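So you can see what is in the structure, the chains are spelled out below.
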Amino acid sequence: MNNATGSEHVAYVLITPAHNEQAFIEETLESMIHQTHPPVKWVIVDDGSTDKTPEIISRYVARYAWIEMVQLPQRRDRSFAAKVHSFNAGYQKVKDLEYEIIGNLDADISFDADFFAFLIERFADDPTLGVAGTIFREEGYSSETDSFEGQKHVAGQCQMFRKRCFDEIGGYKPHRAGGIDWMAVTTARMIGWKTKSFREKSYFHHRHMGTAERSLLASLFSYGEKDYYLGGSPIWELFRVAYRVTKRPYVFAGLALGLGYCWAFLRHTPRPVSRELMTFHRKEQMLKLKAIFKSLVRFKRVDNFNVLQG
């Protein structure tokens, strides 16, 4: 079978939670309407926006039958769990449709016209692929070279799931402090699905990660907290802090990350992950460290993206 041809018949749906995204959502909308392989349905959930987000979405809904908007009431309590509640509201609109792939798409990214055709083809090529995405870039940052998450992690701005995989992990699990996308992709890998980001394609993230409503240092502090409550190893965190010290803003970035981890530890912040998932996560981290040191001892360049291939 010709996979490229077969992938054209693979149906997929997308859900986009959106809250006050007027600055960037049109970039995402324009990227989607130019896709060579559009989805069966794209549900954009306006989660009580107070800006012009719903007005912008409405213009596209009027022109494209496969785009639908769901509007939720404003809520005072904003947290990362809100993204899951918004996603689930969108999921209700697609659950009875026929599709093989379901994706979460953030409202602040842009990409090429063949972006989703490429990803759908990867699913058609490999029936063991449970979660797929691509690398992403921000101003001054690339997930390919500036992160040690590697090719097995799929960033939350665009995560595509095989429907059976999504059902088996129980979908996204709400947690106020975040980590919902990480828990989803890591759980999928833990139960035996292949998860992969591809470097052949990329998308541009218009807003720096974690800075939607806070400063860069505050977001790094929050990431340190998240590293703790998602079960990250303190040994891994020590090396992550040392690495981050060398990145802008120099020294302060690493300090903010480390302080966040220590603060969560001292407060005994409850962990939303199971002991099984935490053990799996730490095992992967130690394998990565071993691979990194192996490369350094041999005076070889460390390929962040492929640091853990096995």
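Being a predicted model, the structure only gives us computed values, none of them experimental.

### A look at the packing of aromatic side chains
Between two aromatic rings, the relevant description is the distance of the centres plus the angle of the planes.
Part 1: In total, this model carries 20 aromatic pairs according to the counting rule given.
Part 2: Summarising the aromatic geometry, the rings of Tyr 228 and Tyr 261 are spaced 5.6 Å apart at their centres and angled 85° between planes, so their arrangement reads as edge-to-face. Taken as a pair, Tyr 228 in helix α8 (residues 216-229) and Tyr 261 in helix α10 (residues 252-266) lie far apart in primary sequence, 33 residues in all.
Part 3: Classification of Tyr 228 by relative accessible area gives buried; the value is 8%.
Part 4: Tyr 261 gets classed as buried once you look at its relative accessible area, which sits at 9%.

### Some points on the nonpolar core
Part 1: The biggest cluster of nonpolar side chains holds 35 residues, and the ones touching the most others in it are Val 94, Ile 102 and Phe 161.
Part 2: With six residues, the top contributor of residues to this core is helix α7 (residues 180-190).
Part 3: Ala 18, Ile 44, Tyr 60 and Phe 115 belong to the second largest nonpolar core, which has 34 residues in total.

### Overview of a positive patch on the surface
Part 1: Together, Lys 290, Lys 294, Arg 298 and Lys 300 make up a positively charged patch on the protein surface.
Part 2: The exposure class assigned to Arg 298 is exposed, which follows from its relative accessible area of 52%.

### Notes on the packing of α7 against helix α11 (residues 275-297)
Part 1: At their nearest, the axes of α7 and α11 sit 10 Å apart, and the two run at 85° to each other. Taken as axis vectors, α7 and α11 run roughly perpendicular relative to one another. Note on element contacts: α11 touches α7 through Glu 276, Leu 277, Phe 280, His 281 and Glu 284, opposite Trp 182, Thr 186, Thr 187, Arg 189 and Met 190.
Part 2: Here the contact of α7 with α11 is built from residues that sort into four nonpolar, three polar and three charged.

### A word on the pairing of strand β1 (residues 12-18)
Part 1: For β1, a buried count of seven out of seven residues is recorded, marking the element as mostly surrounded by other parts of the structure.
Part 2: With burial as the criterion, each face of β1 is covered, one bearing Tyr 12, Leu 14, Thr 16 and Ala 18 and the other bearing Val 13, Ile 15 and Pro 17.
Part 3: Summarising the sheet, β1 and strand β4 (residues 101-105) pair through four bridges and their orientation is parallel. Across the sheet, residue Val 13 finds its bridge partner in β4, namely Ile 102.
Part 4: Bridge count for β1 against strand β2 (residues 41-47) is six bridges, and the pairing is parallel. Its bridge partner being in β2, Thr 16 is matched across the sheet by Ile 44.

### A word on the packing of α8 against α10
Part 1: The geometry of α8 relative to α10 is characterised by a closest axis approach of 7 Å and an angle of 40° between their N-to-C directions. Between α8 and α10, the angle falls in the class oblique. The two elements α8 and α10 meet at a crossing, and its hand is right-handed. Note on element contacts: α10 touches α8 through Phe 252, Ala 253, Ala 256, Leu 257, Leu 259, Gly 260, Tyr 261, Trp 263, Ala 264 and Phe 265, opposite Leu 217, Leu 220, Phe 221, Tyr 223, Gly 224, Glu 225, Asp 227 and Tyr 228.

What counts and what doesn't
Residues numbered from 1 in each chain as written. Predicted model: local features only at pLDDT ≥ 70, side-chain atom pairs only at ≥ 80, totals over all residues. Heavy atoms only, no water. Phe/Tyr/Trp six-rings, centres within 6.5 Å; stacked < 30°, edge-to-face > 60°. Helix = DSSP H or I, 4+ residues; strand = E, 2+ residues; numbered from the N terminus. Buried < 20%, exposed > 50% of the residue type's maximum accessible area, 1.4 Å probe, protein only. Core = buried A, V, L, I, M, F, W, Y, C linked by side-chain atoms within 4.5 Å. Patch = residues over 30% accessible without salt bridge, like charges linked within 9 Å, V, L, I, M, F, W, Y side chains within 5 Å. Areas by Shrake-Rupley, 256 points an atom, 1.4 Å probe, with all protein chains shown as cover. Salt bridge = Lys/Arg side-chain N within 4 Å of Asp/Glu carboxyl O. Lys, Arg positive; Asp, Glu negative; His and termini not counted. Charge placed at Lys NZ, Arg CZ, Asp CG, Glu CD. Axes fitted to C-alpha atoms, helices over the stretch in contact; angles between N-to-C directions. Parallel < 35°, antiparallel > 145°, perpendicular 65-115°, else oblique. Contact = heavy atoms within 4.5 Å. Nonpolar A, V, L, I, M, F, W, Y, C, P; charged D, E, K, R; others polar. Pairing = 2+ DSSP bridges. Left-handed = near helix turned anticlockwise from the far one by under 90°.

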